[in-house]
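For reference, the chains in residue letters:
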Amino acid sequence: MAKKSRSGGKSAGHGGTPAVVALERAGVTFTQHPYEHDPSTDLGYGLEAAAAIGVEPARVFKTLVSDVDGRLVVGIVPVDRKLDLKALAKAAGGKKAALAEQAAAERATGYVVGGISPLGQKQRLVTVLDDSALAFDTVYVSGGRRGFDVGLAPEDLVRLTGATTAPVARD
C-alpha cells in the first residue's frame, strides 16, 4: 500500500532511509511502496519491485553505478531495459564505461546492491537519468532498501540528484 509523504511529517513504512530523509528535507511530495522482497525470485530486484507495487516496468527505474574513465557515475534506467554503457560514457563526458565493482558501488552510495537509491547517497556522483522518465508524471526508484521503492515526479528526481537526462537505456 502506498503512503504519501511530504516534508515536515514523520515517515511511515521504511522511512528513515537516507533517500526518504533527502526527499523530506527537500519538501518533495512522494509515495512510499514497501513490499516483501523475495530472495528466491528469478525476476531480479527491479522487475520484482514493479510486480510487487503494481506498476508497469517502464515507470520503475533501477540505479546502476558504473566506472566511467576511472570515476563513478550513476545511470538510472527502466527495470525492463539495460544500461547502455557507451551512451552513459558519452552522456557523462567520458570515453569508456563498465559496471562498477559491487563493493565500490556500495561504499560510494552507502546502500547495498538491490537497494541502491539515486537519492541520499553518501557521495554525490555524476548522475544520468534515461530520458524516457520524462514521459511520466511519476517514476519509482529504490527507497534505499531491498523491498522499498518511492514514487516521485521525474523532475524532482533530476533536481535532487543533479542528474542530466539522456537516452542511456537499451533493450
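Everything here concerns the structure above.
Per chain, residues are indexed from 1 in the order of the written sequence. At least 70 in pLDDT is required for a residue's local features to be given in this predicted model, at least 80 for side-chain atom pairs to be given and counted, and no such filter applies to totals for whole chains, interfaces and linings, which use all residues. Note that the side-chain values use all heavy atoms of the structure and ignore hydrogens as well as water.

Undergrad: Could you clarify how one ought to interpret the sheet that holds strand S3 (residues 61-68) in this entry?
TA: Pairing between the strands of a sheet is mediated by backbone hydrogen bonds and can be parallel or antiparallel. At least two bridges found by DSSP between two strands are what make those strands a pair. Numbering of helices and strands runs from the N terminus; a helix is a DSSP stretch of H or I covering at least four residues, while a strand is a stretch of E covering at least two. The strand order across the open sheet formed by five strands is S6-S3-S4-S7-S10, and the pairing between neighbours is mixed. Taken across any chain shown, the strands that pair with only one partner, and hence form the sheet edges, are strand S6 (97-99) and strand S10 (164-166). Ignoring which end each strand starts from, the neighbouring axes of this sheet average 35° apart. Two elements, S3 and S6, share three bridges in a ladder whose sense is antiparallel. Think of each axis as a best-fit line through the C-alpha atoms, taken over the contacting stretch in the case of a helix, with angles from 0 to 180 degrees between the N-to-C directions.

Undergrad: What am I meant to see in the pairing of strand S4 (residues 71-78) here?
TA: Every other side chain in a regular strand lies on the same face of the sheet, so the side chains alternate between the two faces. Think of it in three bands: with a 1.4 Å probe and only protein chains considered, a residue is buried below 20% of the maximum accessible area for its type, exposed above 50%, and partly exposed in between. Burial analysis of S4 places six of its eight residues in the buried class, which makes it a mostly covered element. One ladder, built from eight bridges, connects S3 with S4; its direction is antiparallel. Bridging across to S4, Phe61 finds its partner in Pro78. Counted between consecutive antiparallel strands, the loop separating S3 from S4 contains two residues, among which Asp69 sits at a positive phi close to 50°. Sheet topology note: the S4/strand S7 (residues 126-130) ladder contains four bridges and is parallel. Its bridge partner being in S7, Gly75 is matched across the sheet by Val128.

Undergrad: Is there a simple way to explain the pattern of salt bridges in this structure?
TA: Side-chain pairing between opposite charges can occur once the charged atoms of the two side chains come close. We count a salt bridge whenever a side-chain nitrogen from Lys or Arg sits within 4 Å of a carboxyl oxygen from Asp or Glu. Under the defined criterion, the tally for this structure stands at two salt bridges. A salt bridge links Asp171 to Arg81; the nearest nitrogen and oxygen atoms lie 3.1 Å apart. A residue pair is termed long-range when its members are at least 10 positions apart, and Asp171 in the segment after strand S11 (169-170) and Arg81 in the loop between S4 and strand S5 (82-83) qualify at 90 residues. Across the pair Asp156 and Arg159 runs a salt bridge whose closest N-O atoms are separated by 3.2 Å.

Undergrad: Help me understand the side chain of Thr17, please; the structure alone is not making it clear to me.
TA: Inspection of the secondary structure puts Thr17 in the loop between strand S1 (3-5) and helix H1 (18-26). On the accessibility criterion, Thr17 (2% relative accessible area) is buried. We call two N or O atoms a polar contact when they sit within 3.5 Å, provided that within protein one can donate a hydrogen and the other can accept it, with sequence-adjacent residues counted only if both atoms are side-chain atoms. Here Gly143 takes part through its backbone oxygen, which lies 2.6 Å from a polar atom of the side chain of Thr17. The criterion used for residue contact is that any of the two residues' heavy atoms lie within 4.5 Å. Contact partners of Thr17, with chain neighbours within four places excluded, come to Gly143, Gly144, Arg145 and Phe148.

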